[in-house]
Amino acid sequence: MNASKYLIVGSSHAALEAARAIRMQDDAGSITLISRDTHAPYSPTVLPYVVSGRSSADRVSLRTPDYFQAEAINRVTGQALTRLLPAEQAVELEDGQRWHYEKLLLATGATPVIPPVPGLDRIDYRVLRTLDDAIALRDAAGKAANAVVLGAGLVGMHGAENLAEAGIAVSVVEMQSQVLPGYFDAQAAELIRAAFDRQGVTMKMGRRAQRVEPQADGCRVHLDNGEVLNADLLLVGTGVRPVTDYCQGSGLDLDQGILVDDHMATNLPNIWAAGDVAQARDFYSDAKVVTGILPDAVEQGRIAGMAMVEDPALQPYRGGVPINTYTFYGQQAISVGISDTADTAAQVAVDFDAERGYFQKIILKDGRLQGISAINAALDPGILWQLILRRTDLSEVKAEFLAQPLETGRRLMSDTWR
Amino acid sequence: MGTAYNSITFNQAKCDGCGDCMRACAQAKAGSEDLIHARIQILAREDAPVELAMCRQCGDPKCVSNCPAGALNKNPESGVIDWDANKCVNCLLCTVGCAYGGITFDAAVGHVSKCDGCDGDPACVKVCPTGALEYSTAGSLYRRISEREDLFVPGLSACQGCNSELLIRHTLRNVGSNVVVATPPGCIPGMGTVGYNGRTGTKVPVFHPLLTNTASMLAGLKKQYNRLGRDVTMLALAGDGGVGDVGFQSLSGAAERNEQQLFLCVDNEGYMNTGMQSSGSTPAGSWTSTTPVGEAMQGKRTDAKNMAKIMMMHNCEYVATASLAFMDDYYEKLDKALEASRRGFAYLHVYAPCPTGWRFPASDTIEVCRKQVETNFVTLWDFTPEQGLRFTRSVERPAPISVYLKQIGKYKHLDQAQVDHLQRRVEDQVRSLQAFTHMSAAG
Ligand SMILES: Cc1cc2nc3c(=O)[nH]c(=O)nc-3n(C[C@H](O)[C@H](O)[C@H](O)COP(=O)(O)OP(=O)(O)OC[C@H]3O[C@@H](n4cnc5c(N)ncnc54)[C@H](O)[C@@H]3O)c2cc1C
């Protein structure tokens, strides 16, 4: 049987960061990365830019081949993990080969959720999660005239902008009443939606695709209000779910994702999970959540790697905070922490100027930052994230912080870090 | 092996907030007078120290880890985090990774920008009129010190790996020759500083007071020099016993009278040169020859007293703690202490792990120093009556105390309850010190 001291499944952000953390402490123990993808490691986040042409498939790799050589990291590519054999400390891959491990990290990320819309299974629709998906979407965009995008989350919005920029008539169908729910409140979302409107993208908010019908040159999408949209390109961006099919029968505790503790350890010995596949502590509640964002995949990957290598400097995970930076039509939207609250004890300060397309919303509670979301405002998301995680007491500088979050945040951080 | 890179350092105490650095940066990087383009941002405010936002060229950069496009990389040659315009997709996720405001979106140019070190010749450093910005390596700091004369003779007989020898040589190099040194009984005279065969081990006047009267003897000498109109530094190099136990009454008296002297405590947590007996600075649980490990006893039963804190309560001109794993911090404090000793009493407490007495390999001394600080077992701070207490290194997110203890033989026997006790003690000390950061005028 093949064997690796540290076996890591996945080769994206969580996996690579874990490998790095392990090598910091253990320069000899064997590390093997297994990935079902055949490309050099890349990030799903870069894919919209491969579609748009701003980047390209040969420029997106996160590590050079030299890196793996220099760090003595093995790679197995084009092989999906299909089964866990925890009793034998081993895993089984697609082609039947088995790998024995001392420590195993599951960093298999997420995969698109396909909604149960009747007829969808008979359509050649597109999704966007892998580099091959991006190449296929880019090629399809080259031939399409009318596109329908299901979902106004990050994938849908990026996709819609890319397709519209390629000269295609685009409609976005979103079940909820606003774009990017969870990251922006209705007012901010409306600013973003309006920008798409202005660019000629048709935004069907609060609408559901009821059924899809194949056509000779594409499909017809029937909405719940009776409207029918013709499309020669259908992009499904209705969310993602963790990749956990290989966990069947292993005894691993699953909910939406693989349940982990604050060191990213699962319930089974010597198995950790991190990134989009993991369900870990929420920052704001006692619940466990799948955050599904890149900075958290990095954070969790590092914690898992440190735990696996027993790095004494390991600090427990401080909880998932929703974060996003979103650029659309040259404008910057930023969201760190919660963007809306029903809590009457919270203080909410909104600064809004539709004319300039400017929005800034700060939510404080008990003198501590809960969340900040903004469009076209200069902010340091990294500093704001730290202020939230550290529950930094802002009571003494509250007025200043509300007036100048950038400068005040920098000053506070510089002071604590000096 | 790691490499030391040149980097831009910021000395807050020297910065007057003039903003020349920002102007030079905006000019060099964007040919503009608009400070929005400056990649170094100083944050000046009335009645508060100047703070700084800029790229720290981290060794473990999160901006790089967060980049989905491979556009950021730490350059192994220069140490600078390079940004590749051709790969950047403008997603701004790098800005989520940075806690220093070191990589930010520049709306005027439409992409992120960060300090690139100006190819080794930073424009900001060149124009800094106060010397608050410097371009240096950790190594160049040592080189600068080594250019000054070593005022101890070669061949002092300290144990291998001795922290104290390193400390006193560096200290005297900085203090210079216009000094009278007092070394009460302890390792420092023991290793030969007071001399052999009628010759001293220093190139400056040195004497060997009693353990009990070091501070009073220096006080008397200083008065006599003052009377003669000569400005001479009075320096005590004392062990923790000569400071906190038998030396305490004269020390406390001199501090109370605000005598002009610099009293340096080299704390190796016990009487190491006479056979490793316990002192008032010996932490609970430590094995020493007077607190043995056996059936009746498991090392020292009582906690160490915090001498630096006690001296702070004397409201001295200057009090600081230091560790040899953080030399730049020590040098800064030494300068301040010297300056303060012209006006009155200055006290420096330097932690000095002892390979022989504590039982760890001689090659690990600095690592032990570092772990003391990283676990908050030792906290780095300074105090003046005007400023109050200020941490010079963050006490947030310490490593667990076990990381420190496990390196050291004198703690080998500790059970979990003893480890937990020390952990609690560390946390209590930090909390107590933190309370003092909020009061500006003690006493
Ligand atoms: C279009 C798009 C835009 C995005 N934009 C943003 C954004 O702006 N900001 C943000 O924070 N996040 C964004 N994300 C999300 C972000 O990309 C993810 O959070 C991040 O990539 C998670 O990293 P990960 O390592 O956990 O998993 P993934 O990146 O999903 O990687 C999973 C890895 O596991 C491998 N794998 C999967 N299953 C198996 C198996 N069975 N066997 C072997 N290998 C397997 C895959 O090949 C891959 O290497 C975006 C995602 C997409 C798709």
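Residues numbered from 1 in each chain as written. Chains lettered and ligands numbered in written order. Predicted model: local features only at pLDDT ≥ 70, side-chain atom pairs only at ≥ 80, totals over all residues. Heavy atoms only, no water.

Observations regarding the overall build of chain A
Scanning chain A from N- to C-terminus turns up ten helices and 24 strands. What you see for chain A is a C-alpha radius of gyration of 22 Å, in line with the 22 Å of a compact globule of 418 residues. With respect to the three principal axes, the spread of C-alpha positions in chain A is 65 × 60 × 40 Å. Here chain A, with 418 residues, has 57% of them falling under the buried criterion. Counting contacts in chain A only where the partners sit at least 6 residues apart, residues at least 24 apart contribute 61% of the total. Here chain A carries 38 positive and 52 negative side-chain charges, and the mean point of each set is 1 Å from the other. (Helix = DSSP H or I, 4+ residues; strand = E, 2+ residues; numbered from the N terminus. Rg over C-alpha atoms; globule rule 2.2 N^0.38 Å. Buried < 20%, exposed > 50% of the residue type's maximum accessible area, 1.4 Å probe, protein only. Contact = heavy atoms within 4.5 Å. Lys, Arg positive; Asp, Glu negative; His and termini not counted. Charge placed at Lys NZ, Arg CZ, Asp CG, Glu CD.)

Quick look at the pairing of strand 18 (residues 278-281) of chain A
Side-chain positions along a regular strand alternate between the two faces of the sheet. Residues and elements named next belong to chain A. Pairing analysis gives two bridges linking strand 16 (residues 258-259) to strand 18, with the strands arranged parallel. If you follow L259 over to strand 18, its bridge partner there is Q279. The sheet contact formed by strand 18 and strand 19 (residues 288-289) spans two bridges and is antiparallel. Residue pairing for strand 19: R281 is matched across the bridge by K288. Between strand 18 and strand 19, which pair antiparallel one after the other, the connecting turn spans six residues. (Pairing = 2+ DSSP bridges.)

A short note on the sheet that holds strand 16 (residues 388-391) of chain B
Residue and element names in this part refer to chain B. With mixed pairing, the eight strands of this open sheet are ordered in space as 10-9-11-12-14-13-15-16. In this open sheet, the two edge strands, each paired with only one partner strand, are strand 10 (206-207) and strand 16. Bridge count for strand 9 (residues 179-182) against strand 10 is two bridges, and the pairing is parallel. Residue V181 lies in a different strand from strand 10, and its bridge partner there is V206.

Considerations on the site of the ligand
Within the structure, the ligand sits among 35 residues, and S12(A), T45(A), L81(A), R129(A) and D276(A) are positioned closest to it. At the ligand, the nearby residues belong to more than one chain, namely chains A and B. In the environment of the ligand, an oxygen atom lies 2.6 Å from a nitrogen or oxygen atom belonging to the side chain of S12(A). Contact between the ligand and A107(A): an oxygen atom at 3.4 Å from a main-chain N or O atom of the residue. Coverage of the ligand by the protein chains reaches 95% of its 1,000 Å² of free accessible surface. Those elements giving two or more residues to the shell around the ligand turn out to be helix 1 (13-25), strand 2 (31-35), helix 5 (154-165), helix 7 (294-308) and strand 20 (323-328) of chain A. Top element by residues in the shell around the ligand is helix 7 of chain A. It accounts for three residues. Its residues assigned to classes, the shell around the ligand shows 18 nonpolar, 13 polar and four charged. (Near = heavy atom within 4 Å. Polar contact = N/O pair within 3.5 Å; in protein donor to acceptor, adjacent residues only side chain to side chain. Areas by Shrake-Rupley, 256 points an atom, 1.4 Å probe, with all protein chains shown as cover. Nonpolar A, V, L, I, M, F, W, Y, C, P; charged D, E, K, R; others polar.)

Some words on the nonpolar core
Soluble, globular proteins show a tendency: their nonpolar side chains are buried together. Residues and elements named next belong to chain A. The biggest cluster of nonpolar side chains holds 88 residues, and the ones touching the most others in it are V170, I192 and F196. Contact partners of V170, with chain neighbours within four places excluded, come to A147, V149, A160, L163, A164, G200, V201 and T202. Of all hydrophobic cores here, the second largest spans 54 residues; its members include A14, A15, F68 and A274. (Core = buried A, V, L, I, M, F, W, Y, C linked by side-chain atoms within 4.5 Å.)

Brief notes about the sheet that holds strand 13 (residues 228-231) of chain A
All names here are of chain A. The strand order across the open sheet formed by three strands is 11-12-13, and the pairing between neighbours is antiparallel. Single-partner strands in this sheet number two, and they are strand 11 (209-215) and strand 13. Averaged over neighbouring strand pairs, the angle between their axes works out to 20° when direction is ignored. Examined bridge by bridge, strand 12 (residues 218-223) and strand 13 share four bridges and lie antiparallel to one another. Within the sheet, the bridge partner assigned to H222 lies in strand 13 and is V228. (Axes fitted to C-alpha atoms, helices over the stretch in contact; angles between N-to-C directions.)

Here's the deal with the interface of chain A and chain B
At the junction of the two partners, chain A supplies 43 residues and chain B supplies 43 residues. Summed over both partners, the interface of chain A with chain B buries about 3,800 Å², with 52% contributed by carbon and sulfur atoms. Here E299(A) ties to K62(B) by a salt bridge, and the two come within 3.5 Å at their closest N and O atoms. Across the chain A-chain B interface, the total number found is 14 residue pairs in polar contact (both at pLDDT 80 or more). (Buried area = accessible area lost by both parts, 1.4 Å probe. Salt bridge = Lys/Arg side-chain N within 4 Å of Asp/Glu carboxyl O.)

Topic: a nonpolar patch on the surface
Residue and element names in this part refer to chain A. A cluster of nonpolar side chains, contributed by V348, V350 and F352, occupies part of the molecular surface with about 230 Å² of accessible area. Here F352 lies in strand 22 (residues 347-353). Assessed through its relative accessible area of 35%, F352 is described here as partly exposed. (Patch = residues over 30% accessible without salt bridge, like charges linked within 9 Å, V, L, I, M, F, W, Y side chains within 5 Å.)

What about the environment of N270(A)?
Residues and elements named next belong to chain A. Within the element layout of this structure, N270 appears in the loop between strand 16 and strand 17 (271-273). Sequence separation between N270 and D66 is 204 residues; the distance between their C-alpha atoms is 29 Å. Apart from residues lying up to four places away in sequence, N270 is in contact with Q89, Y101, E102, K103 and L104. Of note is the side chain of N270, whose polar atom sits 2.8 Å from the side chain of Q89.

Structural notes on the pairing of strand 22 of chain A
All names here are of chain A. Strand direction decides the pairing type here: strand 22 and strand 23 (residues 358-365), joined by seven bridges, are antiparallel. Bridge pairing in strand 23 links V350 to K361. Count of turn residues in the strand 22/strand 23 antiparallel hairpin: four residues, of which G357 carries a positive phi of about 65°.

Quick notes on the side chain of R193(A)
Residue and element names in this part refer to chain A. Take R193: it is sitting in helix 6 (residues 186-198). Judged by its relative accessible area of 17%, R193 falls in the buried class. Engagement of the side chain of R193 in a polar contact is seen with the side chain of E190, the distance being 2.8 Å. If near-sequence neighbours (up to four positions away) are discounted, R193 is found in contact with V179, M203 and M205.

Section: helix 8 (residues 381-389) of chain A
All names here are of chain A. Across the nine residues of helix 8, nine count as buried, placing the element largely inside the fold. For helix 8, the full list of buried residues reads P381, G382, I383, L384, W385, Q386, L387, I388 and L389. R391, located one to two residues past helix 8, shows a positive phi value of around 50°.

A closer look at the domain arrangement of chain A
Interface size is often expressed as the accessible area that is lost when the parts come together. Residues and elements named next belong to chain A. Parsing chain A into structural domains produces domain 1 (2-111 + 241-308), domain 2 (114-238) and domain 3 (330-417). Each side of the interface is counted separately: domain 1 has five residues, and domain 3 has seven residues. Carbon and sulfur atoms make up 69% of the area that domain 1 and domain 3 hide from each other, which totals about 500 Å². For the domain 1 face of the interface with domain 3, the top three residues by lost area are F283, Y284 and P295, together amounting to 88%. Between the two partners, domain 1 and domain 3, sit zero salt bridges. Our count for the contact surface shared by domain 1 and domain 3 stands at two residue pairs in polar contact (both at pLDDT 80 or more). Grouping the constituent residues of the side of domain 1 that touches domain 3 by class yields three nonpolar, no polar and two charged. (Domains from an automatic or database assignment.)

With respect to the domain arrangement of chain B
Assigned domains of chain B: these are domain 1 (7-140) and domain 2 (148-442). Measuring from the centre of the C-alpha atoms in domain 1 of chain B to the corresponding centre in domain 2 of chain B gives 37 Å.

Structural notes on unusual backbone geometry
The phi torsion at D366(A) lies on the positive side, around 50°, for a residue other than glycine. Note that D366(A) resides in the loop between strand 23 and strand 24 (368-375). Residue classification places D366(A) among the exposed positions, given a relative accessible area of 59%. For L92(B), which is not glycine, the phi dihedral falls at a positive 70°. Tracing the chain through its elements places L92(B) in the loop between strand 5 (81-83) and helix 3 (93-97). Residue L92(B) is classed as buried on the basis of its relative accessible area of 4%.

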